[in-house]
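Structural description and commentary
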Amino acid sequence: MQEIKLVKRAGSNGYTHFYIKYNPPLEIPEQKPLKEEALNLKLFSNPKYPFQETTNKQIEELAQKVYAGRMAMVARREYRYQLKEPNNMDFLQYFEDNGDYRGCKYVGARKAFSSFMKGKCRIKDINLPMFDKYKRFLATYISPNKKIVISHNTACAYFSTLLSMLHLAYKDGLIRNDYSVLVSKMTWDHEIKKDYLSEEEISKIENTEFPEETEVRLAALLSIYTGLRRSDILNLKWKDIKKDQSLGLLIDIKVHKTGSRLLLPLSKKSVDILNECGMDNPSSERVFNTITEAILSRRIPRLIKQSGINKHITFHCFRHTFAMTLLNRGADIYTISKLLGHAQINNTTVYAKLNVNDLKQRISELMDDN
C-alpha cells in the first residue's frame, strides 16, 4: 500500500519547508522513482509579526490542498500528474499565494503582470508569443507607487520573477512547459550608474537623529560599513557574530541570495553599531527585530531626505557605498569581491567603472606637469 506523508523540515534563514514523502517510491514512467517531493512552500519558523502569521496560515492551507491532490492522484494511479494541466486555474492567485510572502520584488512583479493581463490570467492564457508583448509592456509600465515609468533593470527583475513563478508552477505540475527555459530573458544594463554615498554623506547619516525608526538608521549604517545585502541584514542573528582570536569580531553567515558562506571581519564602526543595537545584552534572536523589507523600502527615502542628501538612494545603494568607499581608499577589486561575497569577479569589476572621476583626478596628479 502506498504511504504518503506531508512533512515539514527546518531550513536555513528562519524558514520551514514542506515536502511530500512517498513510501515506497512512486514509479513514474520515463522518470526516476520519486521518494520525496519538495513543494516549494515555506513558513516563517518563528513568526513575530501579524503578516507572518497570516502568511503561515495561507501556506499551511495551500500545502494541505496540494497534499490532498497528490493523495487523490496516487489513488487513481495518475502518476503523471505533472502533465495534467488545470487550464482554468487562476495563475495570478497562484502568483500571489506563492510569491508575495517572498518580498516587495515579487509583489511588484505580480502587480505589473496583472496590469498587463488586465487582472485576469488562467493557465491556458499563457503562451510563448505573449512574452515579447510583455517585454514591450514593461518598457512603458508606470509604477503604481512612484507614478513613474520603472527603470530598465526593474523591468528585467519583474520579468525574471515572472519566469521564476512559471518555473515553480511547472515543478508543481500545473503547466506543461518550463517557460523559464524556453523564453529568452531580458538583458540587464550593468552600465547604469549606481548611486552611492560619499564619505561626507555617510557622516550626515551618522549624525542624523531618526528616533521614530532607530533600527532603520542602524540597519542602513551597518550595511554601509559591512556591504551586507538587505536580506542578510534582516536575517542577521546575534549568534552570527563570532569572535576569532586573530581577527577579532566577525560575521559568519550563509548568504541569503547565493547560499555561500561569508566570513566578514568587522570594523570598529560596525562594532559600534552592533553595540548600539544591544550586542552586550540582546533582547531577541535577531539583531534587527522590528523592521521588515517593506518598512525599509518606505523609511529609507525619509532617512535620506532628513539627512539632507539629494540623491535617489535605496537600501541596496548602501552596498554600493561600501564597495566604493573601499575602492576609493585603495582596496583592490579582489579584496572587495571577497568582502561582498561575490561568486565571480565579474560582478565586482562594475565598481571600477563607477570611479571615473577619481581616476581622472589621479591621472592628473601623476601625469600633468606641476
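Residues numbered from 1 in each chain as written. Predicted model: local features only at pLDDT ≥ 70, side-chain atom pairs only at ≥ 80, totals over all residues. Heavy atoms only, no water.

1. Structural notes on the overall build of the protein chain
Rules: Under the DSSP-based scheme used, a helix requires at least four consecutive residues in state H or I and a strand at least two consecutive residues in state E, with every element numbered from the N terminus. We call two residues in contact whenever any of their non-hydrogen atoms come within 4.5 Å of each other. Reported accessibility uses the Shrake-Rupley method at a 1.4 Å probe radius. Residues are deemed covered only where the shown protein chains occlude them.
Tallying secondary structure elements over the protein chain gives 15 helices and six strands in all. Here the contacts in the protein chain between residues at least 6 apart in sequence split such that 62% fall between residues at least 24 apart. Total accessible area on the protein chain is roughly 21,000 Å²; 51% of this is exposed by carbon and sulfur atoms.

2. Describing a nonpolar patch on the surface
We apply this condition: Only residues whose relative accessible area exceeds 30% and that take part in no salt bridge are eligible for patches, with like-charged residues grouped when within 9 Å of each other and nonpolar side chains (Val, Leu, Ile, Met, Phe, Trp, Tyr) grouped when within 5 Å. Only one rule defines a salt bridge in this text: a Lys or Arg side-chain nitrogen within 4 Å of an Asp or Glu carboxyl oxygen. When a residue's accessible area, from a 1.4 Å probe over protein chains only, is under 20% of the maximum for its type it is buried; when over 50% it is exposed; and in between it is partly exposed.
Nonpolar side chains collect at one region of the surface, where L128, V181 and L182 lie side by side and expose about 300 Å² of accessible area between them. Mapping L128 onto the fold places it in the loop between α3 (104-116) and α4 (129-138). Residue L128 is classed as partly exposed on the basis of its relative accessible area of 45%.

3. Examining the pattern of salt bridges
What the rule picks out here adds up to 14 salt bridges. The partner of E60 in a salt bridge is K8, and the shortest N-O contact between them spans 2.6 Å. Remark: K8 occurs in strand β1 (residues 3-10) and E60 occurs in helix α1 (residues 50-75); sequence separation between them is 52 residues. Overall, the relative accessible area of 25% leaves E60 in the partly exposed class. The closest approach of N and O atoms between R70 and E37, which form a salt bridge, is 2.9 Å.

4. Quick notes on the side chain of E215
Using the following cut-off: We treat Lys and Arg as the positive residues and Asp and Glu as the negative residues; His and chain ends play no part in the count. Polar contacts, as used here, are pairs of N or O atoms within 3.5 Å; protein pairs need one atom able to donate a hydrogen and one able to accept it. Residues neighboring in sequence count only if both atoms are side-chain atoms.
Here E215 is to be found in helix α8 (residues 214-226). For E215, which is buried and forms no salt bridge, the nearest opposite charge comes from R286, at a distance of 10.0 Å. Among the polar contacts listed, one links the side chain of E215 to the backbone nitrogen of N289, at a separation of 3.1 Å. Separated by 2.9 Å, the side chains of E215 and T290 make a polar contact. Once you skip the residues sitting within four places of it in the chain, E215 turns out to touch V287, F288, N289, T290 and I291.

5. Here's the deal with the nonpolar core
Soluble globular proteins tend to bury their nonpolar side chains together. Stated formally: Nine residue types can take part in a nonpolar core, namely buried Ala, Val, Leu, Ile, Met, Phe, Trp, Tyr and Cys, and a core is a set of them joined through side-chain atoms within 4.5 Å.
Core analysis: the largest hydrophobic core is formed by 42 residues, its most contacted members being I205, F288, I300 and F318. Within the residue set of this core, elements represented by two or more residues are α7 (199-206), α8, α9 (230-235), β5 (248-254), β6 (261-265), α10 (268-277), α11 (293-306) and α12 (316-328). The next biggest cluster of nonpolar side chains, apart from the first, holds 34 residues, and it includes A109, A112, C121 and I126.

6. Section: the sheet that holds strand β4 (residues 241-244)
What counts here: Only strands that DSSP links by at least two bridges are regarded as paired with each other. Axis definition: a line fit to C-alpha positions, over the contact stretch in the case of helices; interaxial angles, taken between N-to-C directions, run 0 to 180 degrees.
A sheet is described by the order of its strands in space; here three strands give the open sequence β4-β5-β6, paired in antiparallel fashion. Of all the strands in the sheet, the pair left with one neighbour each is β4 and β6. On average, each strand axis in the sheet is inclined to that of its neighbour by 35 degrees, with strand direction left out of account. Here five bridges tie β5 to β6, and the two strands are oriented antiparallel to one another. Across the sheet, L250 pairs through a bridge with P265, a residue of β6.

7. Some remarks on the environment of D178
Looking at the secondary structure, you find D178 in the loop between α5 (152-171) and α6 (179-182). The class of D178 is buried, set by a relative accessible area of 12%. Spatially, the C-alpha atom of D178 lies 9.7 Å from that of S164, the residues being 14 residues apart in sequence. Each residue touching D178, except ones within four places of it in the same chain, is listed here: H167 and Y170. Among the polar contacts made by the side chain of D178, one reaches the side chain of H167 at a distance of 3.1 Å.

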